[in-house]
Amino acid sequence: MLKSRKELDAELDGPARAWLDEALAEAAHDAAAGSDALRPGASPYASPPWELRYAAAGRHCGPEHADSVRSLLLVEARASLPSVTRLYEQGTAAERRAVLLTLHLLDLGDTALPLVEDALRANDTRLVAAAIGPYAADHLDAHAWRHAVLKCLFTEVPVAAVARLADRARGDAELARMLGDFAAERTAAGRTVPEDLRTVLGHARRTEAPTAPAPTEES
């Protein structure tokens, strides 16, 4: 889970907080100056200072805080598609994960879908789990989203990572069919059917949104 700036300030030591202050100031300056795509003479592969900070976040703030620090930098910089693409393509798995976790907080529309699609093709379960978050829920089409859910089941990524699972799966007969086929294949191969599959199948077979309980006299 991504942490807020306030939460980070409470957990980071003095040098780490000072480093983060400087990094966010550089990101804000870059945002105020305009995206790197608009800088005269800028190379499409140029890296502004805050992007170098992005790569160093784990070293200065600790690996346990790196996702949150990198996410704050992306948001503060109002990162453009060229920036997030560069950081994803040139980054480590941890740096890629932070990009994926932050996409829904950036004003990119559906233009960053190729990054999500790339992560869903990966065998790194950390990337798969990050890719199936709120951005995917908002922008993946039905076909791609169904296959993303199956990828989670196949790679044993908990479906709790799938943003808006109940809403998107509800009443999806095609998803229910695919899940049935997957379960049959597992059974035929003598393998157990994951409990998460039953969870998703329950959503797919439900056609109505859950109704809120009736208020009691006390409420």
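As the structure is a prediction and not an experimental result, all values here were calculated from the model.

Right, let's get into unusual backbone geometry. With a phi close to 45 degrees, Arg78 is a non-glycine residue in the positive phi region. For Arg78, the position within the fold is in the loop between helix 4 (66-76) and helix 5 (81-90). Backbone geometry at Arg164 places phi at a positive 55 degrees, although glycine is not the residue there. Structurally, Arg164 can be placed in the loop between helix 10 (142-155) and helix 11 (165-169). Residue Arg164 is classed as partly exposed on the basis of its relative accessible area, which comes to 42%.

Moving on: the packing of helix 12 (residues 173-188) against helix 13 (residues 195-205). Look at helix 12 against helix 13: their axes get within 9 Å of each other, and the N-to-C directions meet at 155 degrees. Of the possible angle classes, the one that applies to helix 12 and helix 13 is roughly antiparallel. In this structure, helix 12 meets helix 13 at a crossing whose hand is left-handed. Where helix 12 approaches helix 13, its residues Leu175, Ala176, Leu179, Phe182 and Ala183 are matched on the opposing element by Leu197, Val200, Leu201 and Ala204.

Owing to its 3.6 residues per turn, the α-helix brings residues three or four apart onto one side. Most of helix 4 sits out of view: eight of its eleven residues are buried. Among the residues of helix 4, Ala66, Asp67, Ser68, Val69, Arg70, Ser71, Leu73 and Leu74 are the ones counted as buried. Looking at the buried residues of helix 4, the elements they touch are helix 1 (5-11), helix 2 (14-33), helix 3 (49-61), helix 5 and helix 6 (93-102). Taken from the residues just after helix 4, Arg78 is the one with a positive phi, measuring 45 degrees.

About the criteria used
Residues numbered from 1 in each chain as written. Predicted model: local features only at pLDDT ≥ 70, side-chain atom pairs only at ≥ 80, totals over all residues. Heavy atoms only, no water. Helix = DSSP H or I, 4+ residues; strand = E, 2+ residues; numbered from the N terminus. Buried < 20%, exposed > 50% of the residue type's maximum accessible area, 1.4 Å probe, protein only. Axes fitted to C-alpha atoms, helices over the stretch in contact; angles between N-to-C directions. Parallel < 35°, antiparallel > 145°, perpendicular 65-115°, else oblique. Left-handed = near helix turned anticlockwise from the far one by under 90°. Contact = heavy atoms within 4.5 Å.

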